[in-house]
Each structure stands twice: as C-alpha cells, then as structure tokens.
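Structural overview for review
So you can see what is in the structure, the chains are spelled out below.
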Amino acid sequence: QVQLVESGGGLVQPGGSLRLSCTASGFTFSNYAMSWYRQAPGKERELVARIGSSGGSTRYADSVMGRFTISRDNAKNTVYLQMNSLKPEDTAVYYCFGRQDWSATTYYWGQGTQVTVSS
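Now for a quick tour of the structure. Since the model is a prediction, treat every value here as computed from it, not as a measurement.

Quick look at the pairing of strand 8 (residues 78-83) now. Burial analysis of strand 8 places five of its six residues in the buried class, the great majority of the element. Of the pairings in the sheet, the one linking strand 3 (residues 18-25) to strand 8 comprises six bridges and is antiparallel in character. By the bridge assignment for strand 8, Arg 19 is matched with Gln 82. Turn length for the strand 7 (residues 68-73)-strand 8 hairpin, with the two strands adjacent in sequence and antiparallel, is four residues, and the turn residue Asn 77 shows positive phi of about 55°.

As a further point, take the side chain of Ser 21. Structurally, the position occupied by Ser 21 is in strand 3. What Ser 21 contacts, discounting residues up to four positions off in sequence, is Val 5, Glu 6, Ser 7, Trp 36, Thr 78, Val 79 and Tyr 80.

Moving on to the state of the cysteines. Per the stated rule, a full pass over the model turns up one disulfide. The partner cysteine of Cys 22 in its disulfide is Cys 96, sulfur to sulfur 2.1 Å. Across the S-S bond of Cys 22 and Cys 96 the torsion is about -80°, and the bridge reads as left-handed. Here Cys 22, found in strand 3, pairs with Cys 96, found in strand 9 (residues 92-100); they are 74 residues apart in sequence, far enough to count as distant. Judged by relative accessible area, Cys 96 falls into the buried class, the value being 0%.

Below, the discussion takes up the sheet that holds strand 8. One open sheet accounts for four strands, arranged 1-3-8-7; its pairing is antiparallel. At either margin of the open sheet sits one strand with a lone partner, and together these are strand 1 (3-7) and strand 7. If you compare each strand with its neighbour and ignore which way they point, the axes differ by 15° on average.

The next subject is the layout of surface pockets. In this structure, the largest pocket encloses a volume near 150 Å³. Those elements that provide at least two residues to the lining of the largest pocket are strand 4 (32-39), strand 5 (46-51) and strand 9. Looking at the lining of the largest pocket, its residues break down into five nonpolar, three polar and four charged.

This brings us to the nonpolar core. Formed by 29 residues in total, the largest nonpolar core has its most connected members in Trp 36, Val 79, Leu 81, Met 83 and Tyr 94. Sorting the residues of this core by element identifies strand 3, strand 4, strand 5, strand 7, strand 8, strand 9 and strand 11 (113-117) as the ones contributing at least two each. At four residues, strand 3 tops the list of elements feeding residues into this core. Once you skip the residues sitting within four places of it in the chain, Tyr 94 turns out to touch Glu 6, Leu 20, Trp 36, Tyr 37, Arg 38, Val 48, Phe 68, Leu 81, Met 83, Gly 112, Thr 113 and Val 115.

Further remarks concern the environment of Cys 22. Here Cys 22 falls in the buried class, since its relative accessible area comes to 0%. Taking the C-alpha atoms as reference points, Cys 22 and Met 34, twelve residues apart in sequence, are found 9.6 Å from one another. Here Cys 22 is in contact with Leu 4, Val 5, Glu 6, Trp 36, Asn 77, Thr 78, Val 79 and Cys 96, once residues within four sequence places are set aside.

In this section: the environment of Gly 55. With respect to the secondary-structure elements, Gly 55 resides in the loop between strand 5 and strand 6 (58-60). Remark: the alpha-carbon pair of Gly 55 and Met 34, spanning 21 residues in sequence, is separated by 9.2 Å.

Cut-offs used in this document
Residues numbered from 1 in each chain as written. Predicted model: local features only at pLDDT ≥ 70, side-chain atom pairs only at ≥ 80, totals over all residues. Heavy atoms only, no water. Buried < 20%, exposed > 50% of the residue type's maximum accessible area, 1.4 Å probe, protein only. Helix = DSSP H or I, 4+ residues; strand = E, 2+ residues; numbered from the N terminus. Pairing = 2+ DSSP bridges. Contact = heavy atoms within 4.5 Å. Disulfide = S-S within 2.5 Å. Axes fitted to C-alpha atoms, helices over the stretch in contact; angles between N-to-C directions. 1 Å grid on protein atoms, 1.4 Å probe; cavity = no way out; pocket = protein on both sides within 12 Å on 5 of 7 lines; lining within 4 Å. Points joined across faces, edges and corners; volume = space filled by probe spheres on them. Nonpolar A, V, L, I, M, F, W, Y, C, P; charged D, E, K, R; others polar. Core = buried A, V, L, I, M, F, W, Y, C linked by side-chain atoms within 4.5 Å.

Spelled out as structure tokens, the structure:
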C-alpha cells in the first residue's frame, strides 16, 4: 500500500521556523522526484519546492527562495522542508508529492499538513 505521511505542521509566529517531514512507503522512494505543494484557502495549489530523485537538483518558488530548503534522505524514505522566516502568507495546507522519474503518470500525494503563521 502506497503512503506519503506528512508531519511537522502547526502554529508558529511570524519569523519562526518549522520543519515538515514526509515519509514514504509502498514504492521505491529513490526512483521518485519529490515535491512540496501548498494550498491556501480560496487559492490554487502551488509548487513550493522540488528535489530530484538523487537529491542533486532542487527548485523553489520565488516566494520561498532563500527561506525554505528541501532535502531528502533516501535511506529513510523521507523528504523534508525546512521553513525559516515564516510569514503569514505562508499559511496553507502543505502536501507532499512524489512522481516517478520515468513516468509522469505514476505519482502520489500525501494527505496534507496544516501550517499556520500567526501572532
């Protein structure tokens, strides 16, 4: 059974930090590029950060560049999102997404974790 389980969300004050984790099971994690998306109320889901299957390439949305860092540990089947200098506009449900390197139609979503940035 394929699962992507996110954790680490919560309530944080502006300027604070959180680290999200997403642990995968049921598929060969090291064959999948992994991404974090987010969706705020009333807005479309947007890509936050992406990391290649080997961890050698990363990409970020302009809005989080320099504040967020995506990383992965293939031995632990886990991808992380370190979020620093959080702003109220970062408030959203954050989703983990994995897509197989050689098949754009083979992908999985996590269930999401809420991040709220508020004083």
